[in-house]
Amino acid sequence: MNSEELYQRALKRIPGGVNSPVRAFGAVGGTPRFARRARGARLWDEDGREYVDLCMSWGPLPLGHAHPEVVEAVCRVAQDGTSFGVATAAEVELAELVARAMPSVPMLRLVCSGTEAVMSAVRLARAATGRECVIKFAGGYHGHADSMLVQAGSGALTGGVPSSPGVPAALARLTLVCRYNDLEDVARTLQEHAGKVAAILVEPVAGNMGLVTPAAGFLPGLRRLADRSGALLVFDEVITGFRVAWGGAQERYGVRADLTCLGKVIGGGLPVGAYGGRPELMRQMSPAGPVYQAGTLAGNPLAVAAGLATLRVLQRDGVWAELEAAGTALAAALREGALAAGVAASVVQLGSLCTPFFCPSPPRDLDGAKAADTAAYARLFHGMLDQGVYLPPAQFECSFGSLAHGPEEVAQVACAARAAFAGVAAAARRD
Ligand code: HOZ
């Protein structure tokens with residue numbers, strides 16, 4: 001069966017035909033592709049087409065698809081059981097490895113997704129401070145827990161429901177939304193809600209309104225404001241953890257969080273999340289303390305094995321320079337395509353993350369990201385797809401490079417970009 005036939009079948013049994021909204025191509029139009037297999041930087045669909053993948057499962061695969069060491073680890077561990085509901089040595093090892101990489105996370109709890117990680121970290125922040133409000137940023141996406149679906153990014157923004165029906169108004173009122181990269185807005189909000197804000201929750205590098213990087217001083221400023229107000233600074237590093245540096249965005253920008261949420265890379269492509277921080281906070285979690293959170297599949301042995309295998313490769317000499325170089329080369333390939341076609345585009349890049357925006361300068365916040373021409377992004381997406389490159393099927397997401405994106409893939413992306421941006425330019429002339 002090809003993608004179209006599978007999609008028609010899926011529509012009858014799965015809402016929108018997909019198990020996570022952005023996959024449905026709603027933002028770019030056309031039939032969503034159904035994946036058959038993937039290896040390295042390449043993905044094959046059920047139509048028999050091959051793509052250089054720049055979506056890369058939305059972030060957990062810095063080594064590329066089906067990395068032999070990850071596959072070997074998962075297969076080996078699976079022989080001995082896929083879930084125990086009993087603690088394992090590997091979970092301790094993963095917690096120790098994360099603690100070495102991130103000095104602000106000497107203690108952590110493993111969960112099954114980034115959503116769970118943030119939901120639990122927010123509960124802990126509320127319990128630890130005795131306060132109920134949380135500051136988040138417009139266009140920040142922290143998973144789909146009730147309190148977080150307020151002016152959210154990613155699929156919520158793409159689908160036009162940044163504040164979802166079904167979220168109780170009483171809960172949404174406790175979520176205070178500020179403008180990303182705007183410290184004055186945060187200071188004002190803290191003042192207006194003095195003594196009530198439990199946490200300032202931020203993607204230190206915003207990845208769910210497209211890639212938007214923190215302005216100089218923004219993250220240190222949040223640290224100062226959190227300290228002054230008694231709120232905890234919570235970094236959602238689900239995308240950036242073990243992605244923009246070994247120690248995540250907090251290493252790259254030199255700012256320490258009180259609580260850190262992780263996911264994606266630490267599960268190496270299997271479902272994992274984690275939240276962590278200093279012991280006096282984390283020991284408030286059950287059973288050490290009274291704040292409840294639990295999970296049958298938390299610390300799942302296959303996911304932990306995949307995560308450990310991934311992190312061990314990322315610890316090797318030269319790997320981070322290689323990942324950075326891959327990201328730089330992919331972004332340059334996109335930039336050159338835009339330039340050659342005479343299209344005004346800003347390709348924002350940080351490490352192996354990037355997003356092409358159709359606007360003259362890189363967005364600083366959600367308003368800037370929304371001002372970009374999303375119809376042009378849809379055209380670019382389809383142009384690239386036709387040329388055998390699979391970008392994320394929505395503007396408000398990141399593209400991901402990996403160690404598997406070598407010179408051959410970069411050349412293919414460059415060639416596709418020239419054709420696709422030329423198509424965008426031609427469409428603009430027609431309109
Ligand atoms: N929430 C993910 C992007 N930020 C999408 C995940 C998916 O559709 O697989």
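Use the structure listed above.
Residues numbered from 1 in each chain as written. Predicted model: local features only at pLDDT ≥ 70, side-chain atom pairs only at ≥ 80, totals over all residues. Heavy atoms only, no water.

Q: Tell me about unusual backbone geometry, and name the residues and values.
A: With an omega of 5°, the peptide bond running from Ser286 to Pro287 counts as cis. Position of Pro287 among the secondary structure elements: in the loop between helix 10 (279-282) and helix 11 (301-314). A positive phi angle is found at Phe25, which is not glycine, with a value near 65°. Along the chain, Phe25 falls in the loop between helix 1 (3-13) and strand 1 (35-39). The exposure class of Phe25 is buried, given its relative accessible area of 1%. For Ser154, which is not glycine, the phi torsion reads 55° and is therefore positive. Look at Ser154 and you get buried, because its relative accessible area is 9%. (Helix = DSSP H or I, 4+ residues; strand = E, 2+ residues; numbered from the N terminus. Buried < 20%, exposed > 50% of the residue type's maximum accessible area, 1.4 Å probe, protein only.)

Q: I'd love a proper account of the nonpolar core, names of residues and values included.
A: Among the nonpolar cores identified, the biggest contains 45 residues, and Ile135, Phe137, Val186, Ile200 and Leu222 are the most heavily contacted of them. Tallying contributions element by element places helix 8 (residues 218-229) first for this core, with five residues. For Ile200, the contacting residues outside a window of four places in its chain are Ile135, Phe137, Val186, Leu190, Leu222, Leu225, Ala226, Ala231, Leu232, Leu233 and Val234. Formed by 38 residues, the second largest nonpolar core is a distinct cluster that contains Val343, Tyr377, Leu385 and Tyr390. (Core = buried A, V, L, I, M, F, W, Y, C linked by side-chain atoms within 4.5 Å. Contact = heavy atoms within 4.5 Å.)

Q: Tell me what's going on with the packing of helix 3 (residues 89-101) against helix 11, and back it up with residues and numbers.
A: It is at 10 Å that the axes of helix 3 and helix 11 come closest, and there the two elements cross at 35°. As helix 3 packs across helix 11, the resulting crossing turns out to be left-handed. Taking contact as the criterion, the partners of Ala90, Glu91, Glu93, Leu94 and Leu97 in helix 3 are, on helix 11, Val304, Leu308, Leu311 and Arg312. Tallied by class, residues from the contact of helix 3 with helix 11 come to six nonpolar, no polar and three charged. (Axes fitted to C-alpha atoms, helices over the stretch in contact; angles between N-to-C directions. Left-handed = near helix turned anticlockwise from the far one by under 90°. Nonpolar A, V, L, I, M, F, W, Y, C, P; charged D, E, K, R; others polar.)

Q: So, empty space enclosed by the protein: which residues are in play, and what are the values?
A: Per the stated rule, a full pass over the model turns up two cavities of 30 Å³ or more. In this structure, the largest cavity encloses a volume near 50 Å³. Around the largest cavity, the lining residues are Leu54, Gly327, Leu330, Leu334, Ser352, Leu353, Cys354, Ser399, Phe400 and Gly401. When contributions to the lining of the largest cavity are tallied by element, the ones reaching two or more residues are helix 12 (319-341), strand 12 (353-357) and strand 14 (399-400). In terms of residues, the lining of the largest cavity owes the most to one element, helix 12, which gives three residues. In the lining of the largest cavity, the residues fall into six nonpolar, four polar and no charged. Considered as a void within the structure, the second largest cavity measures approximately 40 Å³ in volume. In terms of lining, the second largest cavity is formed by Phe137, Gly140, His142, Tyr180, Leu201, Val202, Glu203, Ala206 and Met209. Grouping the amino acids of the lining of the second largest cavity by side-chain chemistry returns six nonpolar, two polar and one charged. (1 Å grid on protein atoms, 1.4 Å probe; cavity = no way out; pocket = protein on both sides within 12 Å on 5 of 7 lines; lining within 4 Å. Points joined across faces, edges and corners; volume = space filled by probe spheres on them.)

Q: Give me the lowdown on the sheet that holds strand 12, citing residues and values where you can.
A: Spatially, three strands are ordered 11-12-14 in an open sheet, and the strand pairing comes out antiparallel. Each of the sheet's edge strands pairs with one partner strand only, and the pair in question is strand 11 (346-350) and strand 14. In this structure, strand 11 lies alongside strand 12, joined through five bridges in antiparallel fashion. In the strand pairing of strand 12, Leu350 is matched with Leu353. (Pairing = 2+ DSSP bridges.)

Q: Could you give me a rundown of the pairing of strand 8 (residues 232-236), with the residues and numbers involved?
A: Among the five residues in strand 8, five count as buried, and that is most of the element. Burial along strand 8 is two-sided: Leu232, Val234 and Asp236 and Leu233 and Phe235, pointing in opposite directions, are all buried. Since strand 7 (residues 197-202) and strand 8 lie parallel, the crossover through helix 8 that links them has a hand, and here it is right-handed. Note: strand 8 against strand 9 (residues 259-263), three bridges, orientation parallel. If you follow Asp236 over to strand 9, its bridge partner there is Cys261. Note on the crossover from strand 8 through helix 9 (residues 248-253) to strand 9: the handedness is right-handed. (Right-handed = clockwise from strand over helix to strand, strands pointing away.)

Q: Report on the site of the ligand, specifying residues and quantitative values.
A: Lining the immediate environment of the ligand, one finds Ser20, Arg23, Trp58, Ser154, Asn208 and Glu397. Within the side chain of Ser154, an N or O atom sits 3.0 Å from a nitrogen atom of the ligand. Here the ligand loses 85% of its free accessible area of 290 Å² to cover by the protein chains. Residues of the shell around the ligand, tallied by class, amount to one nonpolar, three polar and two charged. (Near = heavy atom within 4 Å. Polar contact = N/O pair within 3.5 Å; in protein donor to acceptor, adjacent residues only side chain to side chain. Areas by Shrake-Rupley, 256 points an atom, 1.4 Å probe, with all protein chains shown as cover.)

Q: Lay out the layout of surface pockets with the relevant residues and their values.
A: The calculated volume of the second largest pocket comes to roughly 630 Å³. Contributing elements (two or more residues each) for the lining of the second largest pocket: helix 3 and strand 4 (107-111). Top contributing element to the lining of the second largest pocket by residue count: strand 4, with four residues. Split by residue class, the lining of the second largest pocket holds 17 nonpolar, nine polar and three charged.

Q: Outline the sheet that holds strand 3 (residues 50-53), listing residues and values.
A: Read from one edge to the other, the open sheet built from four strands follows the order 1-2-3-13, with strand pairing classed as mixed. The sheet is open, and its two edges are formed by strand 1 and strand 13 (389-390), each paired on a single side. By the bridge criterion, three bridges tie strand 2 (residues 42-45) to strand 3 in an arrangement that is antiparallel. Considered in strand 3, the bridge of Leu43 is made with Tyr51.

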